Number of protein chains: 2
Amino acid sequence: MARMRGAAAIALVVLTGGCRSGRDHSAGAAAAVWSADSAWAQTFARKDLAGYLSFVDSNATMHPPNAPAITGIAGIRGLIEGFLALPGLTGTWQPTTVVAARSGELAYSTGTYEMSYNDSTGARVTDRGKYLEVWRRQPDRSWKLITESFNADR
Amino acid sequence: MARMRGAAAIALVVLTGGCRSGRDHSAGAAAAVWSADSAWAQTFARKDLAGYLSFVDSNATMHPPNAPAITGIAGIRGLIEGFLALPGLTGTWQPTTVVAARSGELAYSTGTYEMSYNDSTGARVTDRGKYLEVWRRQPDRSWKLITESFNADR
């Protein structure tokens, strides 16, 4: 009995030590966010507004350049409708780095975007830049964007 | 012995279940990042370049508006030296939201900045905007910025 108690006590100490930081879920979470961000970029490329919004938390905040921050899905819908209405729009983005927390519910994605459209004179305008997004895992294990900032390279 | 084995087995199952998500360190981590971001803002306000850089990871990436991304402390030093050399510079920022992962090693901070300086004609220019930063806890439990994006409101 004494030896068994000792073995049990050792097992508990080892497991409690392991609990302090929890299991490392970062690799799986980062892969899931990479997939989500890539799929999200495709919704924009095909001008799928409903698909785009399905990746955005209802209380998300966006930081468009040269405009105030926008919080909430209604404002974000308006922002994206504005982009999608640009004449001759083509645009998408791709992640270059995704990092998730060990606990696996919070992650960021950063990468580059490119967007082209025709301005009011009909001239083709191309905007290239970079973005930083924060994603949170939902109760159903899907991921949604909770905040984003982006700006141009020039 | 049989009963002891049973008790030990139950204890192991309970602890393993608890380990799945780990303890929630998010509140303490968010408070620490709020303090770090606020202290970092003060280094910029007092034009303390060494103090500013002490909060930045050596491999951090910054996304300044209308310029390419900058990765690494040498490039970031150059960027900040450029800001600090602006005639009559005053500037700082303050967090409005900080969110940390349950695991307590990754967090983001978002808030607003204001910066004023004299342009080449001597006219006072004020730039107000917003930022999104990601912070990572270091082995010594201090926090450092690992990536940031910011842009103007106008």
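Here is a short report on the structure shown in this document. Throughout this document, residue positions are counted from 1 along each chain, in the order its sequence is written. Chain letters start at A and ligand numbers start at 1, both assigned in the order the entries are written. Only residues with pLDDT of 70 or above have their local features reported here, since the model is predicted, and side-chain atom pairs are shown and tallied only from 80 upward, although totals for entire chains, interfaces and linings are computed over all residues. Calculated side-chain values reflect all of the structure's heavy atoms, with hydrogen atoms and water omitted.

As a further point, take the pattern of salt bridges. Residues and elements named next belong to chain A. Salt bridges are defined as contacts in which a side-chain nitrogen from Lys or Arg sits within 4 Å of a carboxyl oxygen from Asp or Glu. Scanning all chains against the criterion turns up eight salt bridges over all chains. A salt bridge links E114 to R128, with the nearest nitrogen and oxygen atoms 3.2 Å apart. Within this pair, whereas E114 is found in strand β4 (residues 106-118), its partner R128 is found in strand β5 (residues 124-137), the two being separated by 14 residues in sequence. By relative accessible area, R128 is classed as partly exposed at 41%. A run of DSSP states H or I qualifies as a helix once it reaches four residues; a run of E qualifies as a strand once it reaches two. Both are numbered from the N-terminal end. Exposure is judged per residue with a 1.4 Å probe applied to protein chains only, and the accessible area is read against the type maximum: over 50% gives exposed, under 20% gives buried, and values in between give partly exposed.

All names here are of chain A. When two rings of Phe, Tyr or Trp (its six-membered ring) have centres within 6.5 Å they constitute a pair, described as stacked for plane angles under 30 degrees, edge-to-face for angles over 60, and tilted for the intermediate range. Counting across every chain of the model gives 22 aromatic pairs over all chains. Both rings, one in F83 and one in F150, keep their centres 6.5 Å apart while their planes meet at 55 degrees; by these two values the pair is tilted. Of this pair, F83 sits in helix α4 (residues 73-84) while F150 is found in strand β6 (residues 143-152), placing the two residues 67 residues apart along the sequence. In this pair, the class of F83 matches that of F150, namely buried. Clustering of aromatic rings is evident, with ring pairs tying together W40, F44, Y52, F55, F83, W93, Y113, Y131, W135 and F150.

Okay, the pairing of β6(A) next. Residue and element names in this part refer to chain A. With nine of its ten residues buried, β6 lies for the most part within the structure. Looking at chain direction, strand β1 (residues 56-63) and β6 are connected through four bridges and run parallel. Bridge pairing in β6 links T61 to T147. Linking two consecutive strands that pair antiparallel, namely β5 and β6, is a turn of five residues; a positive phi of about 75 degrees is found at R141 within it. By this definition, two strands are paired if DSSP reports at least two bridges between them.

Turning our eyes to something else, we now look at the pairing of β5(A). All names here are of chain A. Pairing analysis gives 13 bridges linking β4 to β5, with the strands arranged antiparallel. Bridging across to β5, N118 finds its partner in R124. Counting the residues between successive antiparallel strands, the hairpin from β4 to β5 contains five residues, one of them, G122, with a positive phi of roughly 90 degrees. Here β5 runs beside β6; their pairing, made up of nine bridges, is antiparallel. Within β6, the residue paired with V134 across the bridge is T147.

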